[in-house]
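Examining the three-dimensional arrangement
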Amino acid sequence: MNPAKSYNATAFDTFIAHKTHIDELLTRLQTLSDNHFNVHPDDIHWGHAGDLQRYAILLKEASDIAFNEGEYA
């Protein structure tokens, strides 16, 4: 067996596993967002706003890495 081919198959399998995990996470996050992060508008407080800010910061970093933007340009 060609070692390079074996390595590529392993890398491919790992890549697809990570992609599948990312897709699942994005689907869960989109569903949560569609449901206003399970918070009723009358119950929103600064803690909820802070939570969303943290999510946005993490997602922005992932987006910047993926698109070579911001500090990753």
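Residues numbered from 1 in each chain as written. Predicted model: local features only at pLDDT ≥ 70, side-chain atom pairs only at ≥ 80, totals over all residues. Heavy atoms only, no water.

1. As for a nonpolar patch on the surface
Together, Ile22, Leu26, Leu29, Leu52, Tyr55 and Leu59 make up an exposed nonpolar region whose accessible area comes to about 520 Å². Secondary structure elements with two or more residues in the nonpolar patch: α1 (3-34) and α2 (46-67). As for its placement among the helices and strands, leucine 26 is situated in helix α1. Take leucine 26: its relative accessible area is 47%, and that puts it in the partly exposed class. (Patch = residues over 30% accessible without salt bridge, like charges linked within 9 Å, V, L, I, M, F, W, Y side chains within 5 Å. Areas by Shrake-Rupley, 256 points an atom, 1.4 Å probe, with all protein chains shown as cover. Salt bridge = Lys/Arg side-chain N within 4 Å of Asp/Glu carboxyl O. Helix = DSSP H or I, 4+ residues; strand = E, 2+ residues; numbered from the N terminus. Buried < 20%, exposed > 50% of the residue type's maximum accessible area, 1.4 Å probe, protein only.)

2. Overview of α2
For α2, built from 22 residues, the straight-helix expectation of 32 Å at 1.5 Å per residue is met to within 8% by its first-to-last C-alpha distance of 31 Å. Phi for asparagine 68, located one or two positions after α2, is positive at around 50 degrees. (Expected span 1.5 Å × (residues − 1).)

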